[in-house]
Amino acid sequence: MQKTDVAVVGGGIIGTTAALELQHRGHAVTIIERDEPGAGTAAGSAGYLAWDDIFPIPNPHVIAELPRMLLDKKGPLVIKPSYLPHMIGWGTRFLLAARPSRVRRAIAALSEINRYAEESLVAIAEPAGAQRYLVRETAFHVSQKPESLEDAAAHIPTLRSYGFTVEVIDRETLLAAEPALGENLAGAIAIAGAYRCTNPGAYGAALAQRFRSASGTATHARATAIERNTDAWNVRTTIGNLQAKHVVIAAGAWSGELLRGLGYRVPLESARGYHLMLPRPQVQLSRLIHFNEPHFVATPMEQGLRLAGTVEFAGIDAPPNDYRADMLFDIARAYLPALERDGAVRWMGHRPSLPDSLPVIGPLPRHPGIVGAFGHERRGFLESGITARCIADLVEEKAPPIDLTPFSIERF
Ligand SMILES: Cc1cc2nc3c(=O)[nH]c(=O)nc-3n(C[C@H](O)[C@H](O)[C@H](O)COP(=O)(O)OP(=O)(O)OC[C@H]3O[C@@H](n4cnc5c(N)ncnc54)[C@H](O)[C@@H]3O)c2cc1C
């Protein structure tokens, strides 16, 4: 049987970053990944890496809008009708998490973790040579309707209270900065100092390469179970067993399966998201732009312009729904009239999603030596560095830089 100090199950951005941090601190680490380490969901993400994303999805406004949203085929959120019965438990918890007191606590928890997100991300990216894929800029949140701009502006006092430099810019200033935008806009919120990733796939590959070149082991296999083995843990995989003192469960939206085997039932769903990569968009944006109606992101990347976003609940195994990727083009064209889709490539990925919008980062209470790191929803790339720091501290029995109570698995 193979042995290691730390087995990291899942080599997405969370697992690969945690493995690198642990390796950097001197631990022998093995990543168990059924595909390629560093090539998980983040590779298809929008590449928005700014800590202003501190608002949980469940909130009274979203609950009020939910019936209308669910009836809109092009809406930001859809549930496949046949999947509805599976969403009852998750949905009930989502409704409870939308209570104002819970929302306030979630904002406080997210602002706390995100406060460390950028510096932790850069600290990991630099030695791996991945910082060349990060640029810093002022990101825009653009609205068509004045009411939508007002809704977005309502967040400004909260954002400023957490230290962000945020301002409202009018239509003329917006069009002067981004001439490819159409005329039918109310204005935007500008957020200074946001990171954008220009090639998320290459970023993840650079981290994985760094891990391997520093003698890290990446086992190409699927983990099927984790079992107790006197003073260590035995991770069963499709190609044999691995004995480890510590195990990190970082299998993204698939983490629930391994946890169920250990006796934990976590309401983890895949909030499926899509992107459409446009290699020849015929329009140029100088920065990442969020569009508010409905919400999606357009990110200039090395390969072209990536349109990404929207949420679909249809289960983890359902095939991609091409319509959800294609509709991103139609929605985007309403903002970017000259946009072309020649050579467009569709993609679907799984945001690991818990109903309160907070990840699980912490020990499994009945299994000393096993820690969970999953459920980062739409912020997993951003929060990969700080999650890695916390996981490494837990493995080393040190106090992590943030209070992990809101992220405990015991809240379920
Ligand atoms: C459209 C879209 C846009 C996004 N945009 C952003 C953004 O702009 N900014 C941001 O911060 N985040 C963004 N996200 C979210 C972010 O991509 C995710 O939160 C993050 O990638 C989750 O990383 P992870 O490592 O937890 O999971 P994953 O990347 O899904 O990795 C899990 C890995 O575990 C492996 N695995 C699963 N089960 C097993 C097993 N049993 N054995 C072995 N291996 C296993 C899988 O193969 C996979 O590689 C976006 C997501 C989507 C879908």
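Everything numeric in this text was worked out from a predicted model, so none of it was measured.

Criteria and thresholds
- Within any chain, residue numbers begin from 1 and follow the written order of that chain's sequence.
- The predicted nature of this model means local features are confined to residues of pLDDT at least 70 and side-chain atom pairs, given and counted, to a pLDDT of 80 or more, with totals for whole chains, interfaces and linings taken over all residues.
- Values shown for side chains rest on all heavy atoms present in the structure; no hydrogens or waters enter the calculation.
- Helix and strand definitions here come from DSSP, where helices need a minimum of 4 consecutive H or I residues and strands a minimum of 2 consecutive E residues; each element is numbered from the N-terminal end.
- For the radius of gyration, the atom set is restricted to C-alpha positions; the globular benchmark scales as 2.2 Å times the number of residues to the power 0.38.
- Where accessible areas are quoted, they stem from the Shrake-Rupley method and a 1.4 Å probe; at the residue level, only the protein chains shown are allowed to cover.
- Burial classes follow relative accessibility: with a 1.4 Å probe on protein chains only, a residue under 20% of its type's maximum area counts as buried, one over 50% as exposed, and anything between as partly exposed.
- Definition of a polar contact: a pair of N or O atoms within 3.5 Å, with one able to donate and the other able to accept a hydrogen when the atoms are protein atoms, and with sequence-neighbouring residues admitted only if both atoms are side-chain atoms.
- Contacts: residue pairs with any heavy atoms within 4.5 Å of one another.
- Where each domain begins and ends is defined by an automated method or by a domain database.
- Buried area is understood as the total, over both parts, of accessible area removed when two parts are fitted together, assessed with a 1.4 Å probe.
- The angle between two axes is taken between their N-to-C directions and runs from 0 to 180 degrees, where each axis is a line fitted to C-alpha atoms and a helix contributes only its stretch in contact.
- In these notes the angle categories are as follows: under 35 degrees is roughly parallel, over 145 is roughly antiparallel, 65 to 115 is roughly perpendicular, and the rest is oblique.
- Here a pair means two rings of Phe, Tyr or Trp (six-membered ring of Trp) with centres within 6.5 Å. Their orientation is stacked below 30 degrees between planes, edge-to-face above 60, and tilted elsewhere.
- Two limits define a charge over a ring: the Lys NZ or Arg CZ must be within 6 Å of the ring centre, and within 35 degrees of the ring normal.

*Asks:* Would you explain the overall build of the chain in this entry?
*Replies:* Looking only at helices and strands, the chain has 12 helices and 18 strands in total. By the compact-globule yardstick of 22 Å for 412 residues, the chain fits well, its C-alpha radius of gyration being 21 Å. Each principal axis of the C-alpha atoms in the chain carries an extent, and together these give about 65 × 45 × 40 Å. For the chain, the computed accessible surface area is about 17100 Å², with 52% contributed by carbon and sulfur atoms.

*Asks:* Would you mind going over the side chain of N199 with me for this structure?
*Replies:* Checked against the element boundaries, N199 lands in the loop between β7 (187-197) and α9 (200-213). When its relative accessible area of 11% is taken as the criterion, N199 is described as buried. Only 3.4 Å separates the side chain of N199 from the side chain of Q303, close enough to count as a polar contact. If we ignore the near neighbours within four places in the chain, the residues touching N199 are Y133, E302 and Q303.

*Asks:* Can you walk me through the domain arrangement of the chain in this structure?
*Replies:* Segmentation of the chain into domains returns domain 1 (2-44 + 202-266 + 356-411) and domain 2 (60-99 + 135-195 + 269-353). One C-alpha centre belongs to domain 1, the other to domain 2; they are set 29 Å apart. Between domain 1 and domain 2, the residue contacts involve 12 residues of the former and 12 residues of the latter. Summing the contributions of domain 1 and of domain 2, the shared interface buries around 990 Å²; its carbon and sulfur component is 64%. Considering only the surface of domain 1 that becomes buried against domain 2, G44, A253 and E377 emerge as the three largest contributors, covering 47% of it.

*Asks:* Teacher, can you tell me more about the packing of helix α5 (residues 117-125) against helix α12 (residues 384-395) here?
*Replies:* For any two helices packed against each other, one specifies the inter-axial angle together with the distance between the axes. Relative to each other, α5 and α12 sit at 80°, their axes nearing to 6 Å. Taken as axis vectors, α5 and α12 run roughly perpendicular relative to one another. Of α12, the residues touching α5 (which contributes A117, E119, S120, L121 and I124) are S384, G385, I386 and R389.

*Asks:* Any chance you could explain the packing of aromatic side chains here in plain terms?
*Replies:* Both the distance between ring centres and the angle between the ring planes are used here to describe each pair of aromatic rings. On inspection of all chains with the given rule, the structure shows 7 aromatic pairs. Between the aromatic rings of F291 and F296, the centroid separation amounts to 4.8 Å while the plane-to-plane angle is 15°, which identifies the pairing as stacked. By relative accessible area, F296 is classed as buried at 0%. Grouping aromatic residues by their ring pairs yields a cluster made of W90, F94 and F313. When the ring centre of W254 is taken as origin, the NZ or CZ atom of R34, which lies over that ring, is 4.4 Å away. Stacked on the ring of F329, the Lys or Arg R341 has its end atom at 5.8 Å from the ring centre.

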